[in-house]
Amino acid sequence: MAEPLLTVRNVSKHFGGLQAVDAATLFAEEGRITALIGPNGAGKTTLFAMISGFVRPDAGSVRYEGCDITGAPPHELARLGIARTFQIVQPFAGLTVRENIAVGAHMRHRGRNAALAAATAIAREMGLGDMLDQPAAALTVAGRKRLELARALATQPKLLLLDEVLAGLNPSEIRDVVPVIRAIQARGVSIMMIEHVMQAVMSLSEHVFVLAEGRIIAQGPPEGVSADPRVIEAYLGHGAAKLTAAGAA
Amino acid sequence: MRRLAMIVLVVAVLAAVPFTEASNAVLNFLVVALLIALAGQGWNVLGGYGGQYSFGHAAFFGTGAYVTAVLQVRYGVNAWLAFALGIAAGALVGAVIGALTFRSGLRGSYFALVTLAFAEVLRIVASVAPITGAGVGTLIKLDLRHEALQFQSRAVFYWAILGLVALSLVIAWAIEHSRFGAWLTAVRENEDAARALGVDATRVKLGAMTLSAAITAAAGCFYAQYFLFIDAGIAYGPWISVEALLTAIIGGAGTIFGPLFGALLVRLLGEAARLVTGDAPGLDLVIYGAALVLVVAFAPRGLMGIVADIRSAFRRPAPRPTAEAAGG
Amino acid sequence: MPDRIGLSRRSFLMSSAAGTAGMLAMPAVLRAQGAGVKLGVLHPVTGALSYSGQQGRLGATIAVEELNAAGGIKGLGKIEPVLGDAQSTPDGGTAEVEKMNSAGVAAIVGGYGSSICLAVSQAASRYDLPYMVDVGVTDAIVTRGLKNTFRFGPGFGVIAKTALDNLVTLNDQAGKPAKTVMIVHEDSAFGSGLAKLLNDQLPARGFQILETIPHPTPTRDFNNVVLKIKAANPDIVIPADYYNEYVLLARTMLQQQVRPKAIYSVLGGAASSYKFVKEFPDAAKYIMDCNHWFDPRNAKALALKKKVEAQGQFFTYEVFMNYSAVLLVADAIEKAGAADRAKIIAALEGSTFVGHVMPYGPTKFVNGQNQGAAPVNTQVLENDIQVIFPAAFASSKPVFPMPA
Amino acid sequence: MLSPVILIPAILNGLLTGAVYALIALGLTLIYGVLHIINFAHGALLTAALFAAYFTQKLFGIDPYLAAFALAPLFFVLGYALQRFVIGPASHGDDRNMLLVTLGLAVIIENALLYAFHADTRTIDVRYSFETIAVGGSFLALPRVIGLGAVLIVALLLWALLRLTDTGKAIRAVAKEKLGAELSGIDVAHIYAMTFGLGTACLAVAACLLIPTYYVNPHVGNAFVLVAFTIVVLGGMGSVPGALIGGLFIGVVESLSGLYLGESLGQIGIFLIFILVLLVRPSGLFGERA
């Protein structure tokens, strides 16, 4: 079997006395949507930060396309084709939508005009065509999420890391964004997503990893994972109801 | 391209001033204003486009001034060459300070403080080191020949500094129309997001700081060549750090013409204040300070922001003034 | 080109440049109609040097008032002072020269501070505009070959030499009680330059320099400096500081009970200052200074002192130096017979003016430097400042060594 | 190389000087700890306080030490008002704007003082100005020894205020977690202003301790402000004990480096420490790692 696009092996990270991630191992197959779920404070975002180069792991390795990328800085990873979005959206508030996306596009286009043209095209695809010259600060939450996606996409990634891209959206907005993610996958982009909206996880992902207290406690296809007693136990409390509701849906 | 045409127009208008019967007093006033504008444009590259607020641009101004002066006086280097080397030395100091600070991840208040401290260290060193003439300062020999980069006519000096300012305007324009500029503004707006999009933030900031330092150093070189005397307080004193920042912010940080118009306005305000109050010591500076606070409070994009708002108000009644939206 | 760039004030109005509006009424000319001579009076009345600048302006304006009260300059009418503020920076000084030139002044008096004088002399030389330095001790001011620049007062070289000569005389007269010296100086142009001269020449005169301590301006605390003095225990302490630091140093020495045989300053910022003597009589007691000082036997000087003190101001050296410099320039203009720059320069070159209040004798300029200019030695005695050297001008005998 | 005859008094003097530095730094660090900005107006406010102390003595004959009890509340109100009505609203909650606004205020205050009182240096002469205490063959100026005591008391009071009062708890809450504090009903704008007021009140006390042995002119505060920055950084931005220890430490360093390197270069010692700490350990020697 060929090596997966991304392999994370036994990575650990602690902050002060807190073990945020403890020897976690997971992988993302090419062309698939992989989900990373877990209760609040499980260490998902830290794990993402290590994969995308924002945080250096204390131990373990990250491999991508057969190369060791452990501890490489984010901009190099972006150049290799790993793009990410942030849980709390981080638009360049003072720039217009077009300029925002162009920052991403510049990675593949040196010239300003080429980058702006590419940005315009992507903005249209992502449904931001009407707002090209608006400042990013003027966008709604849903608009900013789309912008975040568009910007990441403009770097022409092979692997897209989505950190709770659906959080903060209302159900109708979620219904709008889910097909967008599918479309991205259809372009041949592999996706790894952290998600709380279980409904979306169930419908989008092909493989799920469950992180709890810094450890991967389960993995497999979504249906199997959701039935796993360890997962239910990890989610017990405020998370359990959500999971069972999702399972029933 | 329209902006580029604006640059040509503004520079052409300014270049015509000596052909009117403007007195040397006016020319001298404009020379100093343009000198400050140049220093301010240097600050603008790093602070305005890059969002890194330096409180110590004197470090670059002073290095430019001292290298220009000391090379001529002590080593007999040709003035033109000394001028160029002064700019290079300023850029080098910028690169070194940038490498140290950005690698340590200093931002915001920390960055402001550390730049201030570097400028102060240089000031103290310059006030005791024999090579700078220590406390006595360095005096460039009066030698009104073109080879010595000194001119009998104020007008020639004026055109020279205008040429440098014009170049700095073109640099600002190029920043706005390049990948480097896009990355730089992205870093200003949100460094983490920029890094995730493939921007090597440290390198971009370092590049901006080097360029910024070179431009401000050019202002320092010109100062030395125009006034022919510098000492530690003039070259590395906090006055130039403050003026560079002030003109850029008041004119409009992160805009092409901000520092130029800011410098002209600030200097005019100072003259006007002294005109109205006689020689009331300090009042002109009170006005500078007040202008800074007022601009930050009510016109966050400075003079250029006000101009833009007025223009857009006339062109189409925009439902949402962009300045507020961007500021929020 | 330079000739075409106008001299007429009307040409201001023609200019379309941004920035002209503010320049129109510059500088602050006390305009008078009709005949008269415009005289540039340039001082740093704002910024770091503003106290000295304001004192200097005071002296200059008193001189102008007195001259005008007596009918102004013979044949030319009243003097119209054109006041300028150098803002304590060379560029500020240069800007004022440009404005004054545009305003058509016949000559400029003032400067105060070596860096300003350097810039001003050079700017004025572009227009062959006569410039009389009031106080600016760097010798570079008059050694650059600028034809327009004159210095009424003494420069570093002369001051240091006089100070040394007098120190030796003082010591010899007292039976050579002093052998060792410590120098405390501020580290900018004036203090460093002086310290260098002293270091070059004191050993040859039989004094051993124990240590030279530079310090920045401002210095917040002199306890360490005084501790060092205390440990080295020199016979003589030579301070060369600006006013604030001088006061701190003298106060700290008093506090730490450090009493050398003499505190002998050269251009001491506070040593020959009535303000210091009045505010800190104990710290000032017996301090000697080699500095610019008026001729205490000159009736005009004493009248001026009375006048200044009546205005609630201290009679500082800036006042009488500028007063004298204005009188000197006015005399030269009178001799020139016209507000013609070249003629005024010629008149200054041949000037033998005696109407000033300084102990210099008749003026005689060689390469712009007044040959007779020299500092005198003063000492704080019984809450007053007395001249102790040279004997010809002395108002009191020196008290040396200091009584314990 | 230097005998203990010099060394010991030099260290003692350093401690005395450092105490006043510490007090100035206390105000600065408090403001930084809560508002997360460097207050560039700190030096100018110190100058204003020195003028206030000078004039209360000159005009009303009130002893500076007594005046501290009146000037501290007065400057508290001044600081409160500045933050509440000028700095806060003008900077729209943006850190960089706050830097600029405080810089602008510094320029305004310093030059307004210059305009009002001109540049001449003023000193007061109180009867204890020259009184000394003999320690180990050297003499310590009595006013500076009193200063050290007063600084320790102020630091203790400040510490008690932060630990024991409701306002202190609110200040600490805002410093730690602004959003959370806001959500739990704390008026953040008020707490910001309270903090700024406290920091400014520290300056009033420092001014009253300084004036008997120092002088005042419109630029005098600048001489202290960079040192205060250094102490704040060294002690860990926002740390009260850090500022105290840092102040004393810097006082001694300045004193000793002045002794060994000369007064001019001695100043560099401080800045080098400053830069080094910023580059290597920006959280300071006593601060927590970010």
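The rules behind these values
- Residues numbered from 1 in each chain as written.
- Chains lettered and ligands numbered in written order.
- Predicted model: local features only at pLDDT ≥ 70, side-chain atom pairs only at ≥ 80, totals over all residues.
- Heavy atoms only, no water.
- Core = buried A, V, L, I, M, F, W, Y, C linked by side-chain atoms within 4.5 Å.
- Buried < 20%, exposed > 50% of the residue type's maximum accessible area, 1.4 Å probe, protein only.
- Helix = DSSP H or I, 4+ residues; strand = E, 2+ residues; numbered from the N terminus.
- Domains from an automatic or database assignment.
- Contact = heavy atoms within 4.5 Å.
- Pairing = 2+ DSSP bridges.
- Axes fitted to C-alpha atoms, helices over the stretch in contact; angles between N-to-C directions.
- Patch = residues over 30% accessible without salt bridge, like charges linked within 9 Å, V, L, I, M, F, W, Y side chains within 5 Å.
- Areas by Shrake-Rupley, 256 points an atom, 1.4 Å probe, with all protein chains shown as cover.
- Salt bridge = Lys/Arg side-chain N within 4 Å of Asp/Glu carboxyl O.
- Lys, Arg positive; Asp, Glu negative; His and termini not counted.
- Charge placed at Lys NZ, Arg CZ, Asp CG, Glu CD.
- Parallel < 35°, antiparallel > 145°, perpendicular 65-115°, else oblique.
- Nonpolar A, V, L, I, M, F, W, Y, C, P; charged D, E, K, R; others polar.
- Buried area = accessible area lost by both parts, 1.4 Å probe.
- Polar contact = N/O pair within 3.5 Å; in protein donor to acceptor, adjacent residues only side chain to side chain.

Participant: Please explain the nonpolar core as it appears in this structure.
Facilitator: Nonpolar side chains in soluble globular proteins tend to be buried together. Ranked by internal contacts, the top residues of the largest apolar core, which has 359 residues, are L47 of chain A, L260 of chain B, M132, F276 and F320 of chain C together with F40 and F229 of chain D. Ranked by residues supplied to this core, first place goes to helix α2 (residues 24–49) of chain B with 17 residues. When residues are assigned to domains, this core turns out to be shared by domain 1 (9–153 + 295–373) and domain 2 (157–291 + 377–393) of chain C, each giving three or more. If near-sequence neighbours (up to four positions away) are discounted, L260 of chain B is found in contact with V10, L14, L34, A37, V165 and L169 of chain B.

Participant: How do you make sense of the sheet that holds strand β11 (residues 288–291) of chain C when you look at a structure like this?
Facilitator: Each strand in a sheet pairs with another by means of backbone hydrogen bonds, the pair being arranged parallel or else antiparallel. Residues and elements named next belong to chain C. Ordered in space as β8-β7-β9-β10-β11-β14-β15, the seven strands form an open sheet in which the pairing is mixed. Looking at the sheet topology across the chains shown, the edges are occupied by β8 (208–215) and β15 (384–389). The sheet shows a mean angle of 25° between the axes of neighbouring strands, direction not considered. Contacts from helix α8 (residues 223–232) reach β7 (180–186), β8 and β9 (236–240) within the one sheet, and its direction differs from that of β7 by about 170°.

Participant: Looking at this structure, how should I read a positive patch on the surface?
Facilitator: All names here are of chain D. Residues R163, K169, R172 and K176 make up a contiguous surface patch of positive charge. With three residues, the top contributor of residues to the positive patch is helix α6 (residues 166–176). A residue is classified by how much of its surface remains accessible, and R163, at 41% relative accessible area, is partly exposed.

Participant: Explain the pattern of salt bridges here, please?
Facilitator: Pairs can form between side chains of opposite charge whenever their charged atoms are close. This structure, assessed with the given rule, holds 34 salt bridges over all chains. Between E309 of chain C and K305 of chain C there is a salt bridge, and its shortest N-O distance comes to 3.6 Å. With E309 of chain C and K305 of chain C both in helix α12 (residues 299–310) and four residues apart, this pair spans about one turn of that helix. One salt bridge in this structure joins D331 of chain C and K335 of chain C, with 3.2 Å as the shortest N-O distance. In this pair, D331 of chain C and K335 of chain C both sit in helix α13 (residues 317–336), four residues apart, roughly one turn of the helix. Judged by relative accessible area, D331 of chain C falls into the buried class, the value being 16%. Beyond isolated ion pairs, a larger network of salt bridges with shared partners links D143, R145 and E147 of chain B.

Participant: I tried to follow the sheet that holds strand β7 (residues 159–163) of chain A on my own but got confused; where do I start?
Facilitator: All names here are of chain A. Spatially, β6-β7-β8-β3-β9-β10 is the arrangement adopted by the six strands of the open sheet, whose pairing is mixed. Edge positions in the sheet fall to β6 (82–84) and β10 (215–220), since each of these pairs with one other strand and no more. Recorded for the sheet is a direction-independent mean angle of 20° between the axes of neighbouring strands. Bridge analysis of β7 against strand β8 (residues 190–194) gives five bridges, and the strand direction is parallel. Looking across to β8, one finds that L159 is bridged to S190. Against the sheet, helix α1 (residues 44–51) makes contact with β3 (33–37), β6, β7, β8 and β9 (207–212), and its axis sits at roughly 145° relative to β8, the strand it touches most.

Participant: How should I be thinking about the pairing of strand β3 (residues 79–85) of chain C in this particular structure?
Facilitator: Residue and element names in this part refer to chain C. Most of β3 is tucked away: seven of the seven residues are buried. Residues I79, P81, L83 and D85 point to one face of β3 and E80, V82 and G84 to the other, with burial holding for every one of them. Note that strand β2 (residues 37–43) and β3 share seven bridges and pair parallel. By the bridge assignment, V41 is partnered in β3 with L83.

Participant: I'm lost on the pairing of β3 of chain A in this one. Help?
Facilitator: In regular strands, side chains alternate between the two faces of the sheet. Residues and elements named next belong to chain A. Summarising burial for β3: five of the five residues are buried, a large majority. The two faces of β3 match: I33, A35 and I37 on one face and T34 and L36 on the other face are all buried. Sheet analysis places β3 next to β8, joined by four bridges and oriented parallel. Its bridge partner lying in β8, A35 is registered against M193. In terms of strand pairing, β3 meets β9 through four bridges, oriented parallel. Residue A35 lies in a different strand from β9, and its bridge partner there is V208.

Participant: So what exactly am I meant to see when it comes to the packing of helix α5 (residues 141–154) of chain A against helix α6 (residues 171–186) of chain A here?
Facilitator: Two packed helices can be described by the angle between their axes and the distance between those axes. Residues and elements named next belong to chain A. Contact pair α5 / α6: the axes reach a minimum separation of 11 Å and the direction vectors enclose 5°. Viewed along their axes, α5 and α6 adopt a mutual orientation that is roughly parallel. For the pair α5 and α6, contact is made by A142, R146, L149 and L153 and by E173, D176, V177, V180 and I184, respectively. Its residues assigned to classes, the contact of α5 with α6 comprises six nonpolar, no polar and three charged.

Participant: I keep staring at the interface of chain B and chain A and nothing clicks. Help me out?
Facilitator: In many reports, interface size means the accessible area that the parts give up when they come together. Contact residues are listed per partner, giving 24 residues for chain B and 27 residues for chain A. Together, the buried faces of chain B and chain A total about 2200 Å²; carbon and sulfur atoms form 64% of this surface. There are zero salt bridges connecting chain B and chain A. Viewed at the interface, chain A and chain B are joined by six residue pairs in polar contact (both at pLDDT 80 or more).

Participant: Help me understand unusual backbone geometry in this model?
Facilitator: Most of the time, phi is negative for any residue but glycine, and the peptide bond is trans. With omega at -10°, the peptide bond leading from F389 of chain C into P390 of chain C counts as cis. Backbone torsion omega between F400 of chain C and P401 of chain C reads -10°, so that peptide bond is classified as cis. For N10 of chain A, which is not glycine, the phi dihedral falls at a positive 50°. Tracing the backbone through its elements, the reader meets N10 of chain A in strand β1 (residues 6–15). Positioned with a positive phi, H36 of chain D is a non-glycine residue whose angle comes to about 60°. Relative to the helices and strands, H36 of chain D resides in the loop between α1 (4–35) and α2 (42–60). The exposure class of H36 of chain D is partly exposed, given its relative accessible area of 36%.

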